Amino acid sequence: MVVDDDEAIRQMLAAVLGKEGLQVVTATDGVEAVEAFHRQHAAVVLMDIRMPRMSGLEALKKILEIDRGTAVILMTAFAEVGTAVQAIKDGAFDYVIKPYDIEEIRLLVRRALEIRTMRADIVSLRRELSERYGAEGILTDNPRMLELRQTIAKVARSNATVLVSGESGTGKELVAAAVHYASPRATGPFVKVNCAAIPEGLLESEFFGHEKGAFTGAANRRRGRFEQAEHGTLLLDEIGEISPGLQVKLLRVIQEREFERVGGSTTIKTDVRIVAATNRDLEAMVRAGTFRQDLYFRLNVVTLKTIPLRERPEDIRLLAHHFLERFSADNDLAIRGFDPSAMDCLLAHSWPGNVRELANAVERAVVMSTNGIILPEDLPEGIACRTAPNPDALSATTASGPARPLRDLVNEFETRVIREALGRNGGNRARTAVELAISRRALLYKLQEYGIGPAGRDGEP
Ligand SMILES: Nc1ncnc2c1ncn2[C@@H]1O[C@H](COP(=O)(O)OP(=O)(O)OP(=O)(O)O)[C@@H](O)[C@H]1O
Ligand SMILES: [Mg+2]
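What counts, and at which threshold
Residues numbered from 1 in each chain as written. Chains lettered and ligands numbered in written order. Predicted model: local features only at pLDDT ≥ 70, side-chain atom pairs only at ≥ 80, totals over all residues. Heavy atoms only, no water. Helix = DSSP H or I, 4+ residues; strand = E, 2+ residues; numbered from the N terminus. Rg over C-alpha atoms; globule rule 2.2 N^0.38 Å. Buried < 20%, exposed > 50% of the residue type's maximum accessible area, 1.4 Å probe, protein only. Axes fitted to C-alpha atoms, helices over the stretch in contact; angles between N-to-C directions. Parallel < 35°, antiparallel > 145°, perpendicular 65-115°, else oblique. Contact = heavy atoms within 4.5 Å. Nonpolar A, V, L, I, M, F, W, Y, C, P; charged D, E, K, R; others polar. Pairing = 2+ DSSP bridges. Polar contact = N/O pair within 3.5 Å; in protein donor to acceptor, adjacent residues only side chain to side chain. Phe/Tyr/Trp six-rings, centres within 6.5 Å; stacked < 30°, edge-to-face > 60°. Near = heavy atom within 4 Å. Areas by Shrake-Rupley, 256 points an atom, 1.4 Å probe, with all protein chains shown as cover. Domains from an automatic or database assignment. UniProt positions renumbered as here; feature names shortened; annotations may be inferred. Expected span 1.5 Å × (residues − 1).

As annotated in an unreviewed UniProt entry, the chain carries the name Acetoacetate metabolism transcriptional regulator AtoC and comes from Siculibacillus lacustris.

Caption draft 1: Broad picture of the overall build of the chain. Counting secondary structure elements, the chain contains 18 helices and 14 strands. Rg of the C-alpha trace for the chain: 30 Å, well past the compact-globule value of 23 Å for 461 residues, more than 25% over. The principal-axis extents of the C-alpha atoms in the chain amount to approximately 95 × 55 × 45 Å. Within the chain, the proportion of its 461 residues that are buried is 45%.

Caption draft 2: Just the packing of helix α17 (residues 429-436) against helix α18 (residues 440-450), in detail. Contact pair α17 / α18: the axes reach a minimum separation of 9 Å and the direction vectors enclose 105 degrees. Taken together, α17 and α18 sit at an angle that is classed as roughly perpendicular. Contacts between α17 and α18 involve R429, A430, T432, A433 and L436 on the former and, on the latter, R440, L443, L444 and L447. Here the contact of α17 with α18 is composed, by residue class, of six nonpolar, one polar and two charged.

Caption draft 3: Representation of the sheet that holds strand β6 (residues 162-165). Taken in spatial order, the five strands of this open sheet run β7-β8-β11-β6-β12, and their pairing is parallel. Looking at the sheet topology across the chains shown, the edges are occupied by β7 (190-194) and β12 (302-305). If you compare each strand with its neighbour and ignore which way they point, the axes differ by 20 degrees on average. Taken together, the four bridges between β6 and β12 define a ladder with parallel strand orientation. Note that in β12 the partner of L163 across the bridge is T303. Across the sheet, helix α6 (residues 143-156) is in contact with β6, β11 (273-278) and β12; its angle to β12 comes to roughly 150 degrees.

Caption draft 4: Representation of the side chain of R312. Along the chain, R312 falls in the loop between β12 and α13 (314-330). Sequence-distant contacts of R312, that is, excluding residues within four places in its chain, are made with N142, M145, T170, I307, L319 and V355.

Caption draft 5: Representation of the side chain of R149 within the structure. Within the secondary structure, R149 sits in helix α6. R149 sits in the buried class, given a relative accessible area of 18%. Polar side-chain contacts of R149 include one of 2.8 Å to the backbone oxygen of I138. If near-sequence neighbours (up to four positions away) are discounted, R149 is found in contact with A135, E136, I138, L139 and T140.

Caption draft 6: The packing of aromatic side chains, seen in detail. For the structure on display, the rule yields eight aromatic pairs. A centroid spacing of 5.9 Å and a plane angle of 65 degrees characterise the contact between Y181 and F190, whose relative ring orientation is edge-to-face. Judged by its relative accessible area of 17%, F190 is buried. When the ring of F323 is compared with that of F327, the centres are 6.1 Å apart and the planes differ by 25 degrees; the resulting orientation is stacked. With F323 and F327 both in helix α13, this residue pair falls four residues apart, about one helical turn. By way of ring pairs, the aromatic residues F207, F208, F226 and F259 are connected into one cluster.

Caption draft 7: Layout of the site of ligand 1. Taken together, 16 residues are adjacent to ligand 1, and L139, S168, G169, K172 and R356 come closest. Between ligand 1 and G169, the relevant distance is 2.8 Å, taken from an oxygen atom to a main-chain nitrogen or oxygen of the residue. One of the backbone N or O atoms of G171 is found 3.1 Å from an oxygen atom in ligand 1. Across the complex, the protein chains shield 85% of the 640 Å² of accessible surface that ligand 1 would expose by itself. Of all the secondary structure elements, the ones that give two or more residues to the shell around ligand 1 are α7 (172-181), α13 and α15 (354-368). Of all the elements, α7 adds the most residues to the shell around ligand 1, at three residues. Both domains that meet at the shell around ligand 1, namely domain 2 (134-307) and domain 3 (310-450), each give it at least three residues.

Caption draft 8: A look at the UniProt feature "domain: Response regulatory" (unreviewed entry) in the chain. Feature annotation in UniProt assigns "domain: Response regulatory" (unreviewed entry) to the following positions: residues 1-113. Across residues 1-113 one finds 49% helix and 19% strand; the C-alpha atoms that close the span lie 13 Å apart.

Caption draft 9: Seen up close, helix α5 (residues 102-133). If you check α5, its first and last C-alpha atoms are 46 Å apart, about what 32 residues at 1.5 Å a residue would give, namely 46 Å. Looking only at α5, the buried set comprises I105, L108, V109 and A112.

Caption draft 10: Seen up close, the UniProt feature "modified residue: 4-aspartylphosphate" (unreviewed entry) in the chain. Those residues carrying the UniProt feature "modified residue: 4-aspartylphosphate" (unreviewed entry) are D48 in this numbering. Within the secondary structure, D48 sits in strand β3 (residues 44-48). For D48, the contacting residues outside a window of four places in its chain are V3, D4, D5, G56, M75 and K98.

Caption draft 11: Highlighting the sheet that holds β3. Judged by pairing direction, the sheet is parallel, and its five strands sit side by side in the order β2-β1-β3-β4-β5 without closing on themselves. The sheet terminates laterally at β2 (26-27) and β5 (94-98), the two strands that pair on one side only. Across the sheet, α5 lies against β3, β4 (71-77) and β5, angled at about 175 degrees from β5, the strand it touches most.

Caption draft 12: Structural detail: unusual backbone geometry. Omega for the bond connecting K98 with P99 falls within 30 degrees of zero, at 0 degrees, which places this linkage in the cis form. By the secondary structure assignment, P99 is in the loop between β5 and α5. Non-glycine residue E238 carries a positive phi angle of around 55 degrees. Topologically, E238 is positioned in the loop between β8 (233-237) and α10 (244-256). Residue classification places E238 among the partly exposed residues on the basis of a relative accessible area of 24%.

Structure, rendered in structure tokens:
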């Protein structure tokens, strides 16, 4: 829409933009513009500021009240630039100073249209994300997990800080995402920081950003994660890993809702919902003096606890099928399902790595599978368990291949026996060593030799 009281300008702009393939309507002043806008929302409005009856500024406000997504570009005389700047604050897209270059107008309109399309894309992507990652995205048949899902939906409505705790691979990140996508902030950003993955010295600037020249290497001003997450949710993953110094700074943001960039003195207000996640026992860390109690209380307004997969066996089947479908589609493979013997293996495994381990196992099996159905031998070693050693899998000859060296077979067998024993003992190495009647040293040596992980839970490095 072109709005100007000067007929020559209206005609010229309409002609230029029409040539760009755009549909153009014109209006002679603010009143007419608002009326026309009521009939049909224009994507972009090019409007003079000084016009009879209703000024461009007034019309701007009325138009944005009708449709916040419209890009209004104001045309102003040099003497009135101050007004134009005020208009930007009121929500105008941009302004041009008269006399303007027609190429400038063309560019601005094109950019306004591009940004509009991108905004629409973002809104629809976020809507899709919220359908996929809302509480419903947490697949489960387990009563305690279903309860957790309901709690998420309830908690999401508030602005309360949330602490998600649970073993590695149990879906903490999924829960955090669900809190965001089920909340009124779902159309805002969901930003994650992995506190364990960023070197201690850089974490503060990662959180709060920095000013140009704040430290060696800070060539430009940078917005931190808090600023990026404005009006959305910030996930502080592995919160147990942050230093005492940063704990103090974080406490302040949570209490005062404000911070400064590193090397900066301006105080920045923040509207961010914080979700923290950890697989550590923060309470124990508070007792040990490595995590501040006041910060712990602030984070722990609501705690959501995820449940280890071994405590919800009904989910193994459900999730296995879910991952099978997903990875078959990802790899363009048509895998029908699990052979019952393979499913038995999955059900018998103790899943120390929880859902992530299950997802990895199924992904591998999908890729390895040769006949459209998952067999025990498609599963990773140690999951393809049998109570009695499976003579087929250990056979020195395969249907197609030659004899295998004795050493390989022995290693393979040992690996499997150790993995199974670890599984039965919940990953505890001391107990595993006792069960296998070998020394703990010998067990550690073999774990290393065979690259068996993840790390045990009995305090061994
Ligand atoms: N209930 C579930 N339904 C569907 N997918 C799940 C479920 N739980 C976990 N997953 C998937 O399992 C994987 C691991 O989950 P996630 O990353 O949330 O675990 P985590 O608890 O954050 O682990 P870590 O402590 O190692 O960071 C992800 O790919 C996640 O999508
Ligand atoms: Mg995680």
